[in-house]
Amino acid sequence: MQEERTVHRAVAAASVGNVAEWYDFGIYSYLAAGVLDQVFFADFGPWAAVYTLGAFAAAFVMRPLGGFVFGRLGDRFGRTKVLSATVLIMAAATVLLGLLPDYGAAGLLAPVLVLLVRMLQGFSAGGEYTGALTLIAEYAPDRRRGFFGSWLEFSTLTGYALGAGTCGAVVALLPPDALLTWGWRVPFMLALPLGLIGLYLRIRLEDTPAFRQLMERSPVLATMTTRRAGQIVLRHYRTPALVAAGIVVAWNVTNYVLTNYVPTYLTSTLPRHGEGDTSNAVATGMQVAVMVVMLCAIVGVGRLSDRIGRKPVLMTGSVALVLLGLPAVWLLRAGTGGQALGLLIIGLCLMCFAAVSPSTLPALFPTMIRYSSLAVIFNLSVSLFAGTAPTIIEAAVTATGNLDWPGYYLIGAGLIGIVATHFLREHAGKPLDGAAPLTSSAELPPPPLSEDGVPLELPR
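Predicted model, so just to flag it, every value in this text is computed and none were measured.

(A) Fine view of the pattern of salt bridges. Scanning all chains against the criterion turns up 11 salt bridges. The closest approach of N and O atoms between Arg212 and Glu206, which form a salt bridge, is 3.7 Å. Because the salt bridges share partners, they merge into one network encompassing Arg72, Asp75, Arg79, Glu138 and Arg370.

(B) The arrangement of helix α3 (residues 79-98) in detail. Its 20 residues place the ends of α3 29 Å apart at the C-alpha level, agreeing with the 28 Å of an ideal helix rising 1.5 Å per residue. For α3, the buried fraction is high: 14 of the 20 residues fall into the buried class.

(C) Representation of the environment of Asn280 in the model. Considering the arrangement of structural elements, one finds Asn280 in helix α13 (residues 280-308). Using a relative accessible area of 22% as the deciding quantity, one classes Asn280 as partly exposed. Once the C-alpha coordinates of Asn280 and Leu31 are considered, the two residues, 249 residues apart in sequence, prove to be 8.7 Å apart. Among residues more than four places away in sequence, those in contact with Asn280 are Ala33, Gly34, Val171 and Thr267.

(D) Geometry of empty space enclosed by the protein. Scanning all chains against the criterion turns up four cavities of 30 Å³ or more. Reported here for the largest cavity is a volume of approximately 120 Å³. Looking at the largest cavity, it is lined by 14 residues, and the ones nearest its centre are Tyr129, Glu153, Thr156, Asn252 and Asn255. At the level of secondary structure, the elements contributing two or more residues to the lining of the largest cavity comprise α6 (145-173), α12 (238-272) and α16 (370-386). Across the lining of the largest cavity, the residue classes break down as nine nonpolar, three polar and two charged.

(E) A look at the packing of aromatic side chains. One pass over the structure, following the stated rule, counts 12 aromatic pairs. Judged by centre distance (5.3 Å) and plane angle (80°), the ring pair of Phe40 and Trp184 falls under edge-to-face. One end of the pair, Phe40, is in helix α1 (residues 4-40); the other, Trp184, is in the loop between α7 (176-183) and α8 (185-189), and 144 residues separate them in sequence. Measuring from centroid to centroid gives 5.7 Å for Tyr129 and Trp251, while their planes differ by 65°, and the two rings are edge-to-face. Highlighted residues: Tyr129 in helix α5 (residues 109-139) and Trp251 in helix α12, separated in sequence by 122 residues. In this pair, the class of Tyr129 matches that of Trp251, namely buried.

Definitions and limits used
- Residues numbered from 1 in each chain as written.
- Predicted model: local features only at pLDDT ≥ 70, side-chain atom pairs only at ≥ 80, totals over all residues.
- Heavy atoms only, no water.
- Salt bridge = Lys/Arg side-chain N within 4 Å of Asp/Glu carboxyl O.
- Helix = DSSP H or I, 4+ residues; strand = E, 2+ residues; numbered from the N terminus.
- Expected span 1.5 Å × (residues − 1).
- Buried < 20%, exposed > 50% of the residue type's maximum accessible area, 1.4 Å probe, protein only.
- Contact = heavy atoms within 4.5 Å.
- 1 Å grid on protein atoms, 1.4 Å probe; cavity = no way out; pocket = protein on both sides within 12 Å on 5 of 7 lines; lining within 4 Å.
- Points joined across faces, edges and corners; volume = space filled by probe spheres on them.
- Nonpolar A, V, L, I, M, F, W, Y, C, P; charged D, E, K, R; others polar.
- Phe/Tyr/Trp six-rings, centres within 6.5 Å; stacked < 30°, edge-to-face > 60°.

Rendered as structure tokens:
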């Protein structure tokens, strides 16, 4: 039994910190086209956008290492301590990125420094998201894990939307000269207060019920070696590991195409190929509008998955990507109205994954290896297939002149999602592996009332 208010505090601590983390991580992509490519890659000609997105992708080189380090620490010392460290590192790295000298002042040193700071951000992100979803899943009551888990993606979208809105406001309000000299630094500076709020909430939170149960029952498991944890996964959880990897690939390819590549596609790639010009302000406004729609619906989809299961929701998103991925990309070349509709289609497909994956993935592994397994699998999958998607797509479009490459990527993501969901074992409403059944005080029957309407104690 877990107090309902404690569950809410845990969800708030994970979610607010997650807002800060993905605000920090996302603002680079929203300023990449038209701003950061001129600030840090000024002399790279038509390949400036590719190099700018390449620096974005560099963060994903470090994510598996961050997942490996923070995952093992989370399984040994607890979830909350590690999550406090990840949000602090990300905030510090983002502020540092906003203080870097531009290409005009530092020459080739400027893009090198960008690369190094992005790698530090990637190291932090490697432990952040899987730790946050582990924290919420282990605090959430079994019958409402989909609902509470969806709040994590609500916070991720909030972070991206906040980043997009901040960048859009800076781009719209400042003249080009001011934007390129100092204005681009403002969104990065705002990372500091967000990170400090997330840190404050997390350090005040007790560790999860599942982790406390594990330490009370078998404290020796805190000394388990990394090699032994890997052997457990390979011998007993190979199928769940492959299923988790497939879901992560389908989910995050869709995510990074929408949030990180489409802004460059609309404002830089299409005009370069004679397909019309979309301003940064318009592109960002449409992105924010789609995210607002997703924010309004994502918690409801998470709640729905507690009733009908995770598999139907995931399969719906996967099939929709296969059928609508290419038409959605065609719409991006059909004027502002078509662009809005294309973005909405991709966003709704993404929502099917985002709403239920935070409650699906932690249920695939036991408490003793949950954080470390998810951290490694999640970050390897994202780094190899999803985080590199914007760079590979832009390079393919630049090399071939074919503007349909984003659609091909979305179709591939959908096919992977269909296969992974087919082999997924339904966990909705069931206890997490390695933990006792969990409910909350809100699920207790109401106490009996006296004749005067005064609540009486429940019988023991």
